Amino acid sequence: MDQDNFLGAKAFVWWVGEVVNIADPTAIGRCQVRIFGHHTDNESLLPNSDLPWAHPMKSINNSTANSPLEEGNWVVGFFMDGHSGQFPIMMGVLPGLKQ
Amino acid sequence: MASNNSAASNAQLKYATDYDLTSIVLFTAAANDSIELKDKMVELNYFEDVYSPSISGKLVVSDAIGLLNLASINGTEFLKIIFRKTNDSSITISRTFRVFSVTDKTLSINNNFENYTINFCSEEFLISQQYRISKSYKNKEISDIIADILNTFLKVGVSGSKSVYVESTRGKYDFILPNKKIFETINWLSTYAQPTSGGSGTGNGTGADMLFYENVQGYHFNSLQSLYKQNSVMNLYYNPKNIRPNQKLIDLDSQLRNAMKFEVLNYIDTLGAISKGTFSNRLISLDILAKKKTVTDYNYNDYFKNGKSLNGSPVTNNYKNRYDKYLFDAPPQNMEAGTLRMVTSNSKQKELPYVKQNSDMINSIANDIFVENYIPNRVGQIALANYTRIKLTIPGNSDLCVGLAINFMALGISAIPDSKSKKDPDPYFSGKYIITAIRHIITNISYITVLELAKDSNTQNYSGVNNADNNWKAKVAGGQS
């Protein structure tokens, strides 16, 4: 087994990001997320429309309901492809105080 | 490019290791801007490596005037080096580097002089270490993305800068550069890239053998397959003087082509090759959107039949194991492959019936990254490219650089023939090689070049076996008797 290229064997790269679009055409609850430290804040280099669609990881007790995410929510997740960072998965929402 | 040095073009050479070191100039903020270091040089080392994005080097200096303080050297200087072989036809290596450290500083016992090493590299390497890039590219070929990175972020390939040679790649990708350093980003992209003109690999596409490197000509983004297609620029020999009795002194032209030293770095290593997935490897890819699992097997035999190799004959024979399997076969049904990878895939997501019905949905699906093609092929191809590696020390040759192909002839092991005949070449060490690393070493008295050469194939097939023969089966049954 090549541990650098085997899902789960190495490089669990977790991240925190901000939801910028929740209108998922596939209707499975994906969101476009700008991930801090991985995606630049410079929207001319990386417009919101180009951000990857992060796949939701749902609770096994309630797997058919879509998460009530909103744009501006901070979410935590991981990359399925480790440091390549092209396939983000969202694990949960980080609640915060109102601004 | 290296030329075939004729005796006439070697007219200015007295010895094979002669050289012309025009200058080593240090550009610094103090000491009138520039200092000539040629007379203080003990040894100059210049390195290129086909697996490294930058040229680097070391200059060992013997200093009796306290230059480090006098010139206010602090590791940010520029160093210009100009050297070549003495003969007129040789290429001049003339490059400006950035100093990045001073090491190995030692003081003489009487405090009259000090020795130290000035380490230098191409300036692009420092820039690459200084900055990270995060940018999106939609529906772009990887070769276009790499050309854009080189132009936009490294400022090379533009007017007045170093040259850039980018081989075209197939497929259009949606990538978000993941905030890696610049050369890390290019190397990361290289792993996905499949050359337009490469030979067939496993599956339905080409291999994935793109390399990014710098040599004296500039920056290169090339496939191994395209390097293999080049003509050899030079013939080199390893012809020790003591195995040809009564031989006259070798002339200068022959000395230039004759290796002074020959070392084997990698040779027959079937266990190592199996571990690396050279002959066979398996990829499990998971598509979480389509909920699809795909298994892809790489087969060295399929690749070798369809791809381009340096010498035409494979590095192994047709021996089968006790499961009636060749080295390159997929594992038996009841076992898994020894070299196994598992990654995320988005293969053909845009062709899913549910997605095709909705144009909005298609726009939210990223282009295929072809993991089922690039990973199994690249694993096999890169390992195979280094199957046989040798190191040669030759009289200095500034015409050679990494990425070029040369022919090498080593003599086989056999009894010394009579004085009139020559020994036969070794069919497995001799052949066409790619220069994967080069080191030019200039001292006060000589110039030598150390080459690391690699090849993926042999000039002659190994003997095969008749796997169906019962006598053979009995001999290799693996029992204790």
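It should be noted that the structure appears before, not after, this text.
So, how was this worked out
Residues numbered from 1 in each chain as written. Chains lettered and ligands numbered in written order. Predicted model: local features only at pLDDT ≥ 70, side-chain atom pairs only at ≥ 80, totals over all residues. Heavy atoms only, no water. Helix = DSSP H or I, 4+ residues; strand = E, 2+ residues; numbered from the N terminus. Buried < 20%, exposed > 50% of the residue type's maximum accessible area, 1.4 Å probe, protein only. Contact = heavy atoms within 4.5 Å. Axes fitted to C-alpha atoms, helices over the stretch in contact; angles between N-to-C directions. Parallel < 35°, antiparallel > 145°, perpendicular 65-115°, else oblique. Nonpolar A, V, L, I, M, F, W, Y, C, P; charged D, E, K, R; others polar. Buried area = accessible area lost by both parts, 1.4 Å probe. Salt bridge = Lys/Arg side-chain N within 4 Å of Asp/Glu carboxyl O. Polar contact = N/O pair within 3.5 Å; in protein donor to acceptor, adjacent residues only side chain to side chain. Core = buried A, V, L, I, M, F, W, Y, C linked by side-chain atoms within 4.5 Å. Pairing = 2+ DSSP bridges. Phe/Tyr/Trp six-rings, centres within 6.5 Å; stacked < 30°, edge-to-face > 60°.

**Student:** I tried to follow the overall build of chain B on my own but got confused; where do I start?
**Tutor:** When helices and strands are counted, chain B shows twelve helices and 23 strands. By residue count, 52% of the 481 residues in chain B fall in the buried class. Partitioning the contacts of chain B with sequence separation of at least 6, the portion at a separation of at least 24 is 70%.

**Student:** Sorry, what's going on with the packing of helix α3 (residues 142-152) of chain B against helix α4 (residues 182-192) of chain B here?
**Tutor:** Relative orientation and spacing of two packed helices are given, respectively, by the angle between their axes and the distance between those axes. Residues and elements named next belong to chain B. Two elements in contact, α3 and α4, have axes separated by 10 Å at closest approach and are oriented at 170°. Taken together, the axes of α3 and α4 lie roughly antiparallel to each other. Here α3 contributes I142, I145, I146, I149 and L150 to the contact with α4, which in turn contributes I182, T185, I186, L189, S190 and Y192. Along the lines of polarity and charge, the residues of the contact of α3 with α4 split into nine nonpolar, two polar and no charged.

**Student:** Explain the interface of chain A and chain B to me, please; I cannot follow it from the model alone.
**Tutor:** Taken together, the 28 residues of chain A in the interface contact 31 residues of chain B. Regarding the contact of chain A and chain B, the summed buried area is about 2,500 Å², with carbon and sulfur atoms giving 59% of it. Between the two partners, chain A and chain B, sit zero salt bridges. Looking at the side of chain A that touches chain B, its residues break down into 14 nonpolar, ten polar and four charged.

**Student:** So what exactly am I meant to see when it comes to the environment of B:N367 here?
**Tutor:** Residue and element names in this part refer to chain B. Position of N367 among the secondary structure elements: in the loop between α10 (359-363) and α11 (371-385). The sequence separation of N367 and D148 amounts to 219 residues, and the corresponding C-alpha distance is 19 Å. Excluding residues within four positions of it along the chain, N367 makes contact with N139, K172, Y173, D174, N346 and K350. Among the polar contacts listed, one links the side chain of N367 to the backbone oxygen of K172, at a separation of 3.1 Å.

**Student:** Explain the nonpolar core here, please?
**Tutor:** Most often, soluble globular proteins have nonpolar side chains that are buried together. Residue and element names in this part refer to chain B. Core analysis: the largest hydrophobic core is formed by 35 residues, its most contacted members being I142, I149, F175, L177, I186 and L189. Going through the elements one at a time, α3, β11 (173-176), α4, β13 (210-215), β14 (218-223) and α11 are the ones with two or more residues in this core. With 30 residues, the next largest nonpolar core counts V233, L310, I406 and Y433 among its residues.

**Student:** Can you walk me through the pairing of strand β4 (residues 74-79) of chain A in this structure?
**Tutor:** Residues and elements named next belong to chain A. The buried fraction of β4 amounts to five of the six residues, a majority that puts the element mostly inside the structure. Pairing between strand β1 (residues 14-21) and β4: five bridges, direction antiparallel. Pairing of G17 across the sheet is with V75, part of β4. Pairing of β4 with strand β5 (residues 88-94), which is carried by six bridges, proceeds in the antiparallel orientation. Bridging from a neighbouring strand, F79 pairs with P88 of β5.

**Student:** What's the story with the pattern of salt bridges in this structure? I'm lost.
**Tutor:** Opposite charge on two side chains permits them to pair, given that their charged atoms come into close proximity. Residues and elements named next belong to chain B. Applying the stated criterion to the full structure yields 14 salt bridges over all chains. Ionic pairing is found between E124 and K162, a salt bridge with its closest N-O pair at 2.7 Å. Taken together, the residues span a long stretch of sequence, with E124 in helix α2 (residues 123-130) and K162 in the loop between α3 and β10 (164-166) at a distance of 38 residues. Of the residues examined, E124 reaches a relative accessible area of 9% and is grouped as buried. Classification of K162 as buried rests on a relative accessible area of 18%. Note that R282 and D297 form a salt bridge whose closest N and O atoms lie 2.7 Å from each other. Within this pair, whereas R282 is found in strand β17 (residues 280-287), its partner D297 is found in strand β18 (residues 292-299), the two being separated by 15 residues in sequence. On the accessibility criterion, R282 (12% relative accessible area) is buried. Through salt bridges with shared partners, a single network forms among R95, E124, K162 and E214.

**Student:** Looking at this model, I keep getting lost on the pairing of β18(B). Mind explaining?
**Tutor:** Residues and elements named next belong to chain B. Two elements, β17 and β18, share eight bridges in a ladder whose sense is antiparallel. By the bridge assignment for β18, L283 is matched with T296. Where β17 hands over to β18, the hairpin turn is made up of four residues, of which K291 adopts a positive phi near 50°.

**Student:** When you look at the packing of aromatic side chains in this model, what are you seeing that I'm missing?
**Tutor:** Both the distance between ring centres and the angle between the ring planes are used here to describe each pair of aromatic rings. Residue and element names in this part refer to chain B. If you walk through the whole model with that rule in mind, you get 29 aromatic pairs over all chains. Taken together, a centroid distance of 5.3 Å and an interplanar angle of 5° make the contact between Y173 and F175 stacked. The exposure classification of Y173 matches that of F175, with both residues buried. Judged by centre distance (5.3 Å) and plane angle (70°), the ring pair of F279 and Y300 falls under edge-to-face.

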